[in-house]
Amino acid sequence: AEVLPRVAAAPRPRDVRPPRVLEKTLDKIEAAVAGGGDYRTWAEQYKSARQDLTVQGVRGALARRAYEGNARFALAANDLDEFHQCQVKLRDLHALGVEDDGVLAEFAALGALHALSIAPAE
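Residues numbered from 1 in each chain as written. Predicted model: local features only at pLDDT ≥ 70, side-chain atom pairs only at ≥ 80, totals over all residues. Heavy atoms only, no water.

(A) Just the nonpolar core, in detail. Grouped together as the largest cluster of nonpolar side chains are 28 residues, with contacts concentrated most on Leu 26, Leu 53, Leu 62, Phe 83, Leu 90, Leu 93 and Phe 107. Taken together, the elements giving at least two residues each to this core come down to α1 (19-34), α2 (39-56), α3 (61-76), α4 (80-95) and α5 (103-118). When neighbours within four sequence positions are excluded, Leu 93 is seen to be in contact with Arg 59, Ala 63, Arg 64, Tyr 67 and Val 98. (Core = buried A, V, L, I, M, F, W, Y, C linked by side-chain atoms within 4.5 Å. Buried < 20%, exposed > 50% of the residue type's maximum accessible area, 1.4 Å probe, protein only. Helix = DSSP H or I, 4+ residues; strand = E, 2+ residues; numbered from the N terminus. Contact = heavy atoms within 4.5 Å.)

Laid out in structure tokens, this is it:
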């Protein structure tokens, strides 16, 4: 997969992929992840897509899809930092009125269980 660079400077909405292209990008990422794709490669793809959504101010179902997918992928790879970043953004989206269908509670429980599962035994 082509690794798209994430920019450090503030990009302009016209310089990023529009939502219709990002939908196809997420389809590609999700298919690769389901097929056991390399974590680092596809995590970067998720981040790139999320950045494009953020730059354009996309806060609906497409943003939810990107953050949920990335959160699940990160958790499966034991990347709690990335999982928590996505979890926080999902909370923000929910506060803005984006439906969560119980995902926030699910992710809170998953995060707690995961943290317990990797905690050192005493």
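(B) Highlighting the pattern of salt bridges. The final tally for this structure, using the stated rule, is 9 salt bridges. Glu 68 serves as the salt-bridge partner of Arg 64, at 2.2 Å between the closest nitrogen and oxygen. A residue pair is termed a helical-turn pair when its members lie 3 or 4 positions apart in one helix, as Arg 64 and Glu 68 do in helix α3 at 4 residues. Both residues of the pair, Arg 64 and Glu 68, belong to the buried class. Note that Glu 106 and Arg 72 form a salt bridge whose closest N and O atoms lie 2.8 Å from each other. Pair noted here: Glu 106 is in helix α5 and Arg 72 is in helix α3, with a separation of 34 residues, a long-range link. A single salt-bridge network, built from bridges that share partners, covers Asp 27, Glu 30 and Arg 65. (Salt bridge = Lys/Arg side-chain N within 4 Å of Asp/Glu carboxyl O.)

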